[in-house]
Amino acid sequence: MKILSIMSKAFPGIGAVLEQGKTLGLWDIAYLEKGIPSISGYNGIILAGTLANHLDLQKLFQEIILLANAALIKVAIYWTSSIGQMEFTNGIESRILLNYMAMLRRQEIDYLFIGSKELYATIGTDDKIKYAPYPFAKIKETIKQPKINDSIGIFLPFHPRKNIFNQVAAIRLAKIKKSSIIGFTNFKHQLDIKDDYIQN
C-alpha cells in the first residue's frame, strides 16, 4: 500500500513523527504550503497537523478528502497530541478531535489514528479508531557529554499547547526528593524555586 501523509507545514511535533515514518519507508510526505499535492498513485492519505480551527486550511483538507473519496483512496487523520497537551488549549484541541470523530461517524474519513496510548485507551471504542504509535527510526549517534551527577535537564518549546506545567512540576518534585540535585533548563520564566537551582 502506497501512502501519502499531508500536513500544512513542518511543525516540530507531528513533523518529526512524519519524518521518522518517511525514513522507515512507511509513507511519503507533502506540505500544503507548497500547494495541494497530487494524490494520484496512492492507496491511502494521512492528514496530520491539520489545525482544523483555521478556516482556510480546513477548506484545503476538505478538498483533499473529497478528491480522495472520489478516487476511492482511504483517508485517515493522525492525531498526535496527548491528553496533557490537549488540557492546555482551553478546549480548542478537544473540539477539533470531537469534530474528527464526527467526520468518522459520517464516513467522511475512513480512520482516526491516535498516537497517544492513554488517549486511545480513553476514546478508542470504535474499530475505525486505531492506536498508531509514533514511528521511530534509528538516528545518528550524538556526541556523548560527560555525565553530571545528580542533575536533570528539561528543554522545551515555549508554546501554551505544550505541557509545560507538568514538566515544571517534575522539577519541583525532583527538588523536594533530592535537595542537592542541579537543574538545567531553557525555561526562563519565574519559578518558585531557588535561583541557584536552575541554570539556564
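Everything numeric in this text was worked out from a predicted model, so none of it was measured.

Its boundaries defined by the atoms lining it, the second largest pocket holds a volume of some 190 Å³. Looking at the second largest pocket, the residues that line it are Asn69, Leu72, Ile73, Lys74, Leu104, Gln107, Glu108, Ile109, Asp110 and Lys128. Among the residues forming the lining of the second largest pocket, the class breakdown is 4 nonpolar, 2 polar and 4 charged.

This part takes up helix α1 (residues 12–23). Here α1 contains 12 residues, and its C-alpha end-to-end distance of 16 Å stays within 8% of the 16 Å for a straight helix at 1.5 Å per residue. Ile14, Gly15, Val17, Leu18, Gln20 and Gly21 are the residues of α1 that are buried. Each element contacted by the buried residues of α1 is listed here: β1 (3–7), β2 (28–31), β3 (44–48) and β4 (74–79). One or two residues past the end of α1 sits Gly25, with phi positive at roughly 80°.

Turning our eyes to something else, we now look at the sheet that holds strand β6 (residues 129–131). Taken together, 6 strands build an open sheet; the order of strands is β2-β1-β3-β4-β5-β6 and the sheet is parallel. The sheet is open, and its two borders are formed by β2 and β6, each paired with just one other strand. Strand after strand, the sheet turns through a mean of 25° between neighbouring axes, direction not considered. Taken together, the 4 bridges between β4 and strand β5 (residues 111–114) define a ladder with parallel strand orientation. In the sheet register, Ala76 faces β5, and the bridge partner there is Tyr111. Together, β4, β5 and β6 form the strand contacts of helix α4 (residues 92–105), whose direction differs from that of β5 by roughly 145°.

Attention now goes to the environment of Thr80. With respect to the element layout, Thr80 can be found in the loop between β4 and α3 (83–87). Judged by relative accessible area, which is 18%, Thr80 ranks as buried. Expressed as a C-alpha distance, the spacing of Thr80 and Ser116, which sit 36 residues apart in the sequence, is 6.4 Å.

Glancing now at the packing of aromatic side chains. By the definition in use, this model includes 5 aromatic pairs. Here the aromatic rings of Trp27 and Tyr78 are separated by 6.4 Å at their centres, their planes lie at 75°, and the arrangement is edge-to-face. Note that Trp27 is positioned in the loop between α1 and β2 and Tyr78 in strand β4, a separation of 51 residues in sequence. Owing to a relative accessible area of 11%, Trp27 belongs among the buried residues under this scheme. Taken together, the ring pairs connect Trp27, Tyr78, Tyr111 and Phe113 into an aromatic cluster. Looking at Lys2, its charged tip hangs above the ring of Tyr42, at a distance of 4.9 Å from the centre.

Reading the values: the criteria
- In every chain, residue numbers begin from 1 and rise along the written sequence.
- pLDDT decides what is reported in this predicted model: residues at 70 or higher carry local features, side-chain atom pairs at 80 or more are listed and counted, and totals for whole chains, interfaces and linings draw on all residues regardless.
- Only heavy atoms go into the side-chain values, all of them from the structure, while hydrogens and water stay out.
- In this analysis the probe radius is 1.4 Å and the grid spacing 1 Å, with only protein atoms considered; a cavity is a set of points the probe fits into but cannot get out of, a pocket is an open set with protein on both sides within 12 Å along at least five of seven lines, and lining residues have an atom within 4 Å of a point.
- Grid points are joined across faces, edges and corners, and a volume is the space filled by probe spheres set on the points.
- Amino acids are sorted into nonpolar (Ala, Val, Leu, Ile, Met, Phe, Trp, Tyr, Cys and Pro), charged (Asp, Glu, Lys and Arg) and polar (every other residue, Gly among them).
- In this text, helices come from DSSP runs of H or I with a minimum length of four residues, and strands from runs of E with a minimum of two, each type numbered from the N-terminal end.
- How far a helix is expected to stretch is found by multiplying one less than its residue total by 1.5 Å.
- Using a 1.4 Å probe on the protein chains alone, a residue whose accessible area is under 20% of its type maximum counts as buried, one over 50% counts as exposed, and one in between counts as partly exposed.
- Should any heavy atoms of two residues lie within 4.5 Å, those residues are counted as being in contact.
- Between any two strands, at least two bridges found by DSSP are needed for them to pair.
- Fitted lines through C-alpha atoms give the axes, limited to the stretch in contact for helices. The angle between two N-to-C directions lies from 0 to 180 degrees.
- Only centres within 6.5 Å qualify two rings of Phe, Tyr or Trp (six-membered ring in Trp) as a pair; their planes then separate them into stacked at under 30 degrees, edge-to-face at over 60, and tilted for everything else.
- Two limits define a charge over a ring: the Lys NZ or Arg CZ must be within 6 Å of the ring centre, and within 35 degrees of the ring normal.

Treat this as a map of the structure, not an account of what it does.
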